[in-house]
Amino acid sequence: MSVIQPLFRLLCVLSLVLAGSGSGSGSGSGRNASVSHEYCVLGAGPAGLQMGYFLSRSQRDYIILERNAGPGSFFQIYPRHRKLISINKIYTGRRNKEFNLRHDWNSLLSDRPSLLFQRISRELYPSADDFPRYLSTFVKELGLKVKYGADIGTIKASDFNGNQGYILTDQNGVSYQCSVLLVSTGLWVPQQVDFLGSDLVEGYESIPTDPEEFKDQAVLILGKGNSAFETAQSILGRASRIHLYSPSPVRLAWQTHYVGDLRAINNELLDTYQLKSLDGLVEGRLEDIAIVRREKDGLRRRMAKKRSQKSTEGKEQLYLTLTELLDQNGNNISKITGQNLPGFHTDNFSLRQPYDRVIRCLGFRFNFSIFDGSARPPQSSGARGRLPGITAWYEGRGTPNMFVLGTAAHSRDYRMSAGGFVHGFRYTVRAVHKILEQRYHNIAWPATKLPISQLQSWILRRVNEASGPYQMFGVLGDIILLRGSYCEYLEEFPLQALPQLSALSGRPLTDQGLLVLVMQYGLNRTDTLGPGRAESEWTKAWRSNFLHPVLYYYNTLPTEKDMRQRPVGWPLPRPEALHHMVEDFLTEWDQPISHSQPLRRFLEHCLQTDLRAFYAGHFYNNMKLFSTLIIIIIIIQGYLRKQGIVGNSHLWQHAREAGLMADHQRDITPGDDTSVSEYLKHAGAAVVSTMNFDL
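- An unreviewed UniProt entry lists the chain under the name FAD-dependent oxidoreductase domain containing 2, with Cyprinus carpio given as the organism.

**Details of the overall build of the chain**
1) Next: Within the chain, the regular secondary structure consists of 18 helices and 23 strands.
2) Next: Taken over 695 residues, the chain has a buried fraction of 50%.
3) Next: Sequence separation of 24 or more characterises 66% of the internal contacts of the chain that already satisfy a separation of 6 or more.
4) Next: Working note: accessible area of the chain is about 33,600 Å², and carbon and sulfur atoms make up 52% of it.

**A few points about the confidence of the model for the chain**
1) Next: Residues of the chain with pLDDT of at least 70 account for 79%, and the chain-wide mean is 85.
2) Next: Residue range residues 296-314 is modelled with pLDDT below 50. Its contacts to residues more than four positions away, or to other chains, number 41 contacts.
3) Next: Here residues 666-695 is a poorly scored stretch, pLDDT under 50, and it has 32 contacts once near neighbours within four places are set aside; other chains count.

**Quick notes on the nonpolar core**
1) Next: In terms of nonpolar packing, the biggest core is built from 115 residues, with L49, I155, L168, L182 and V516 touching the most fellow members.
2) Next: Of the residues forming this core, the biggest block, 8 residues, is contributed by helix α10 (residues 422-441).
3) Next: Excluding anything up to four places from it in sequence, L182 contacts Y39, C40, V41, L42, M51, L55, F403, L405 and L436.
4) Next: In this structure, I480, C487, L607 and L611 belong to the second largest nonpolar core, which totals 28 residues.

**Observations concerning the side chain of S110**
1) Next: Along the chain, the position of S110 falls in the loop between α4 (97-100) and α5 (130-142).
2) Next: In terms of polar contacts, S110 uses its side chain to reach the backbone amide nitrogen of R112, at 3.2 Å.

**A word on the packing of aromatic side chains**
1) Next: One pass over the full model with this rule turns up 24 aromatic pairs.
2) Next: When the centroid spacing of 5.0 Å and the interplanar angle of 85° are considered together, the rings of F473 and Y521 count as edge-to-face. Taken as a pair, F473 in the loop between α12 (468-471) and β19 (476-482) and Y521 in the loop between β21 (514-520) and β22 (548-554) lie far apart in primary sequence, 48 residues in all.
3) Next: Classification of F473 as buried rests on a relative accessible area of 13%.
4) Next: Pairwise contacts between aromatic rings join Y53, F54, F74, F75, Y78, F117, F131, Y134, F138, Y204 and F364 into one cluster.
5) Next: The ring of W458 carries the charged tip of R461 above its face, separated from the ring centre by 4.2 Å.
6) Next: Above the ring of W570, the side-chain terminus of R574 is found at 4.9 Å from the ring centroid.

**Describing the sheet that holds strand β20 (residues 486-494)**
1) Next: Pairing within the open sheet is antiparallel, and its 6 strands lie in the order β18-β20-β19-β21-β22-β23. Taken across any chain shown, the strands that pair with only one partner, and hence form the sheet edges, are β18 (448-451) and β23 (577-580). Neighbour-to-neighbour, the strand axes of this sheet turn through a mean angle of 25°, independent of strand direction.
2) Next: In the sheet, β19 pairs with β21 via 4 bridges, with the strands oriented antiparallel. Of the residues in β21, the one forming a bridge with L481 is L514.
3) Next: Docked against the sheet, helix α11 (residues 455-465) engages β18, β19, β20, β21 and β22, running at close to 20° with respect to β20.
4) Next: Sitting on the sheet, helix α15 (residues 592-607) is in contact with β19, β21, β22 and β23, with an inclination near 170° to β23.

**Quick notes on the packing of helix α2 (residues 46-57) against α10**
1) Next: Contact geometry of α2 with α10 gives a least axis separation of 9 Å together with a crossing angle of 40°. The orientation of α2 with respect to α10, classified from their angle, is oblique. Both α2 and α10 take part in a crossing whose hand is right-handed. In this structure, α2 uses P46, A47, Q50, M51, F54 and L55 to contact α10, whose residues at the interface are V422, F425, R426, V429, R430, V432, H433 and L436.
2) Next: A breakdown of the residues in the contact of α2 with α10 according to their chemical character gives 10 nonpolar, 2 polar and 2 charged.

**Describing α15**
Since there are 3.6 residues in each turn of an α-helix, residues three or four apart along the chain are aligned in direction.
1) Next: All of the buried residues along α15 are H595, S596, P598, L599, R600, F602, L603, E604, C606 and L607.
2) Next: Of the residues one or two after α15, Q608 is the one with positive phi, at around 55°.

**Here we look at the pairing of strand β2 (residues 62-66)**
1) Next: Counting buried positions over the 5 residues of β2 gives 5, a clear majority of the element.
2) Next: Residues Y62, I64 and E66 line one face of β2 and the alternating positions I63 and L65 line the opposite face, and both faces are buried.
3) Next: Here strand β1 (residues 34-42) pairs with β2 via 4 bridges, running parallel. Paired with Y39 across the two strands is Y62, which belongs to β2.
4) Next: In this fold, β1 hands off to α2, which returns the chain to β2; that crossover is right-handed.
5) Next: As defined by bridge partners, β2 adjoins strand β3 (residues 146-148) across 3 bridges and the pair is classed as parallel. Residue pairing in the sheet places E66 in a bridge with Y148 of β3.

**Side note on a nonpolar patch on the surface**
1) Next: There is a patch of nonpolar side chains on the surface, built from L629, I632 and I636 and spanning about 270 Å² of accessible area.
2) Next: Relative to the helices and strands, L629 is located in helix α16 (residues 616-640).

**Remarks on the pairing of strand β15 (residues 357-360)**
1) Next: Here β15 shows two buried faces, one formed by R357 and I359 and the other by V358 and R360.
2) Next: With 2 bridges joining them, strand β8 (residues 202-203) and β15 adopt parallel strand pairing. Directly across from E202, in β15, lies its bridge partner I359.
3) Next: Inspection of the sheet shows strand β9 (residues 218-222) paired to β15 by 4 bridges, in the parallel sense. Within β15, the position partnered with I221 by the bridge is I359.

What counts and what doesn't
- Residues numbered from 1 in each chain as written.
- Predicted model: local features only at pLDDT ≥ 70, side-chain atom pairs only at ≥ 80, totals over all residues.
- Heavy atoms only, no water.
- Helix = DSSP H or I, 4+ residues; strand = E, 2+ residues; numbered from the N terminus.
- Buried < 20%, exposed > 50% of the residue type's maximum accessible area, 1.4 Å probe, protein only.
- Contact = heavy atoms within 4.5 Å.
- Areas by Shrake-Rupley, 256 points an atom, 1.4 Å probe, with all protein chains shown as cover.
- pLDDT = per-residue confidence, 0-100.
- Core = buried A, V, L, I, M, F, W, Y, C linked by side-chain atoms within 4.5 Å.
- Polar contact = N/O pair within 3.5 Å; in protein donor to acceptor, adjacent residues only side chain to side chain.
- Phe/Tyr/Trp six-rings, centres within 6.5 Å; stacked < 30°, edge-to-face > 60°.
- Lys NZ or Arg CZ within 6 Å of the ring centre and 35° of its normal.
- Pairing = 2+ DSSP bridges.
- Axes fitted to C-alpha atoms, helices over the stretch in contact; angles between N-to-C directions.
- Parallel < 35°, antiparallel > 145°, perpendicular 65-115°, else oblique.
- Left-handed = near helix turned anticlockwise from the far one by under 90°.
- Nonpolar A, V, L, I, M, F, W, Y, C, P; charged D, E, K, R; others polar.
- Right-handed = clockwise from strand over helix to strand, strands pointing away.
- Patch = residues over 30% accessible without salt bridge, like charges linked within 9 Å, V, L, I, M, F, W, Y side chains within 5 Å.
- Salt bridge = Lys/Arg side-chain N within 4 Å of Asp/Glu carboxyl O.

Take a look at the structure:
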C-alpha cells in the first residue's frame, strides 16, 4: 500500500481534531475543510459495510461515514429487549457455503469463508449485542475505510463537470464531495401518529425494559408488529392485562411468508388472548382516537408534554375514546356513535377499562431531514410514506447518482420479499454494485458462457444451491441470454429493471430471446397448515403454493408498459412460455421425473433443440463405458474358468474401435509372453483417459 493513503487519513483526523477544538473558523482551524471521494457511503450499518466490501474489492475510491463511534449502532439499542428474530441456523447437514446462506440470516457476503456470524454466536435467535460485534469484526478483518464520528447534518446536490454529485457536511463543518452517494442510514426515526392525547403516550424507544416496572399494570400498546409483540411478550408475566390496538389485524409471518410480519418467537400473547387470559387484540384507526385522563370533573385530555410520576405508578389512569366524542374543551358529548372503534360507547365497549400506560410501537421511518431540497428523494407511495422513493435499480427518483441501500430501499419489495432485512439486502447491495461497475467503469455484469447442452444442469444447480434468488424471491432473478449454440448466464438481476437490462448490465440482447429464472410463492390462498396446502404432482406444478422455481421465456425484452400491466401478484409480465417446477418439501429440485424431465422438455420447446442426455457425444461416452464393463466381465469369466485372458482378436478390435485402447496398443496381445499386469496397465490407462466425469 502506498504511504499516501495513511498520510491522507492522518490529515483528515487532524482536521477533525482542529475543527472540534473551537479555536475559530477558516482553514487554519480545520472548519470548512473539504474532502473528495468518488463514492461516499452514508452509514456503517450492515448495508453500508456490505457495499464497502464490494467497493474495496474492486479498488474504488470510497469512504464510509458513520456518526457514531462504531458500526451497527442501531443494534446497540434495538430491539429493546435484545433478542434478534433473524435465523442463525448453522447446522444444515451441508458443507456448501452458498446453500448454507439460505439459512444464515445475519452474515454479510465476503470472499472469506470464516467471516460468518456463527463465529460470534451459535444461537438460533442470537442476542442483539452480538451483531455490532460481528460488524466490527467484518470491518477490521477486511480493512474497510470507515470514518466514525462524522455526523452528517446536510446533503446538497452539486454540479461536478456536468454531472450531479453531492456535498455532505458534518457537525464540524467538514465537507465531503462525491460523484456517487450511497445512502445506507436505515430506518431509525420513530414512526408517530398525531392524535389528541399523543403526548400521554410512551415510545418504544424509551420505555423501561425491566418487566418489574409493569407489575400489575394495565397496558395498551399501539401497534401489532414485532416491536409491539416483543414489548408485550416481555411484560406478559407481570402486567395485569395487555391490549394491542392498530388499524390492521395481526399478520403472521408463517402465513404471509413476509419476514417483517409477526414472528412466532414473539407471539405468546396470541395464546393468552385466544385462551381467555385477559389479553387481547383490537382494530381501529389511530388517527381517530383520543387518549384522555380521568379527573374529578370528568374526562380531560392531559395537555402536558411529559407524564408525571403519578401516571407511571398507576394513580392517574388513561382512557381510550374517539376524538369526535370530545368537544374542543375535552368534554364528553356523545354526539355520534364510535363507528371507527371496535364497538360503541355502550356499557360493553371493548376498551372501556382504564390503562396505567399507553405505549407506541409503530416502527421507524427514514430520516428525510438531512437532505436539502436539491437532494431530497421523494417519499414512497407505499409503506405510508416512511421510505424514500427509488427506481427499480435502487437510484433515488429525481436524485441521479444517489442510490439507496439496505432497509431504506425496502420500498421496492415492501411486504413482498426480504429486501428490508440483512439476509435480503446483502444481495440487492451486490446487485447495485454491479450496476455501478457498468455505469461508471464500463465493466459489464458478470456472465457465465455456457453451451446450450449444459444449461439444464446449470439451472438445476442454481435452484438447489443459490441463496440470492432464494432469499430475494420475486425480486432478484437469473437472466439467461440465448445466443444460439450457447448462452450467457447473469445471476441475480433486479427483475423490475428488466426493461433496462442492456443499459444496466452492458449485455446486449439478440433475436434468440431470453429466459428468466425466479423463485416465487404461489398465488393460491390456502390454509397454511391445513390439508391440501402443498402440491406434489409435477403435472400440476403451476398450483404450487410454497417457494418454487419458475422460468419465463421471452422472445423480446419486456417494456416498461409490459411491466406496469403485468398480472396482479406476478413479478414479471406474461411470457411466451412459462414453466413451474413443482414445489418440494425438502426444497431439493433434483428428481428425474418430477423436476429434471419437465425442465428439459420446457427448455427444448423454447430452444427448439434436443437436450436429451443420450445424444451424440453423451451416447458415445456411455457406449465406451458399457464396452469397458463387457471386457471386465469376460476377463473375470476367463479367470473363473482358469483360462486366463481369452485371445480373441474380435474382442481387441472392438476395444480399439470403442476407444478403450489406443491404436499403438494393437501390438499388445495377451499371449503367453505378455503378463496380465502389463496388459491391464495399458488398458486401464486407456479406459481412464476416455471416461467423462461430467456425466
